[in-house]
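# Observations on the three-dimensional arrangement
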Amino acid sequence: MVYLVGAETPDRPAGLRFQELLDAPGILRLPGAHNGQAALQAKAAGFDALYLSGAAMTASMGLPDLGIITVDEVAFFIRQITRATGLPLLVDGDTGYGEALNVMHMVRTFEDAGAGAVHLEDQLLPKKCGHLNDKKLATASDMAAKVAAAAKARRHLRIIARTDAAASEGLEGAIARAKLYVEAGADAIFPEALTSVEMFKEVRAALPGVKLLANMTEFGRTPALTAQEFEDLGYDMVIWPVSSLRVANKAQEKLYAVLARDGATTAMLPEMQTRSELYATIGLHDFEALDASIAASIAPDWKV
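What you are looking at is a predicted structure, and each value in this text was computed from that prediction instead of being measured.

Scoring rules and cut-offs
- Residues numbered from 1 in each chain as written.
- Predicted model: local features only at pLDDT ≥ 70, side-chain atom pairs only at ≥ 80, totals over all residues.
- Heavy atoms only, no water.
- Core = buried A, V, L, I, M, F, W, Y, C linked by side-chain atoms within 4.5 Å.
- Buried < 20%, exposed > 50% of the residue type's maximum accessible area, 1.4 Å probe, protein only.
- Salt bridge = Lys/Arg side-chain N within 4 Å of Asp/Glu carboxyl O.
- Axes fitted to C-alpha atoms, helices over the stretch in contact; angles between N-to-C directions.
- Helix = DSSP H or I, 4+ residues; strand = E, 2+ residues; numbered from the N terminus.
- Left-handed = near helix turned anticlockwise from the far one by under 90°.
- Contact = heavy atoms within 4.5 Å.
- Nonpolar A, V, L, I, M, F, W, Y, C, P; charged D, E, K, R; others polar.

## Focus on the nonpolar core
Core analysis: the biggest nonpolar cluster contains 60 residues, and I78, M106, F110, F230 and Y235 have the highest contact counts within it. Core analysis: the second largest hydrophobic core is formed by 14 residues, F18, L28, Y51 and L213 among them.

Okay, structure coming up:
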């Protein structure tokens, strides 16, 4: 896809395309892509939609995931991923960057940047990764007001409400919040940091007909399950939020250690993406061919 050519870019809103994938049979698999290059590689592997994690964004910027980045910084990531791939993108909207009006501004900004869906969580700032301890929660009514504000602001963006309440209020509290958020206008529910298969089953049973998202993050509280296992549990979406960044960071750590030791990158060459592979991934030759086709155009020979 050459994003410069209008005919090669999607002509339907991303939110509608995201909903179509969500309504299709089977679980919607949403691998995390922390930048445009990762997004292109995920698309090449056959994925139809992607996820942009707040933890991956902030870590790639050298920052912790504490809700300290801005709406415009996130929009930069949204634009590069959707521009590169054209795929519907679910975006981590943290706590909405403030209260109701801030949430509405986030929705408008993300939608204009090309996002297909956003999830909004019921933590208070400074927010934390959902799999850490001592998370502070907003009241259920305050979060419901944010969800309602998001629904009012969107044209086509899908609104997913995340609740982190299972750790502090128990599963009953999380389910009660989820029901309130659906009433407020959420299109789906993201029950974060569930710690057993039984908990996933209980949430599914308590929310019949509600679209549910599962988070399969590594090194967290959730047991390792496959996409098929989540589908068998009745879940509609699954994300792998930080996997691409974890792999990239580990590879870079090794590169810099080798370079510091050897003063050369020779030992790492077998593990590198080659120049040809890079050019193929980013479509360099397609862009060059487009440029050549325009440069080769001949202007009419006007005669006086």
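## A few points about the pattern of salt bridges
Tallied over the entire structure, the rule returns 17 salt bridges. For R177, the salt bridge goes to E169, with nearest N and O atoms at 3.0 Å. Assessed through its relative accessible area of 5%, R177 is described here as buried. The residue D262 makes a salt bridge to R261 at a minimum N-O spacing of 2.6 Å. Linked by salt bridges that have partners in common, R108, E111, D112 and R155 make up one network.

## Some remarks on the packing of helix α2 (residues 36-44) against helix α4 (residues 71-85)
Their axes nearest at 8 Å, the elements α2 and α4 cross at an angle of 35°. For the pair α2 and α4, the sense of crossing is right-handed. Contact residues: G36, A39, L40 and K43 in α2; Q80, I81, A84 and T85 in α4. Split into classes, the residues belonging to the contact of α2 with α4 amount to four nonpolar, three polar and one charged.

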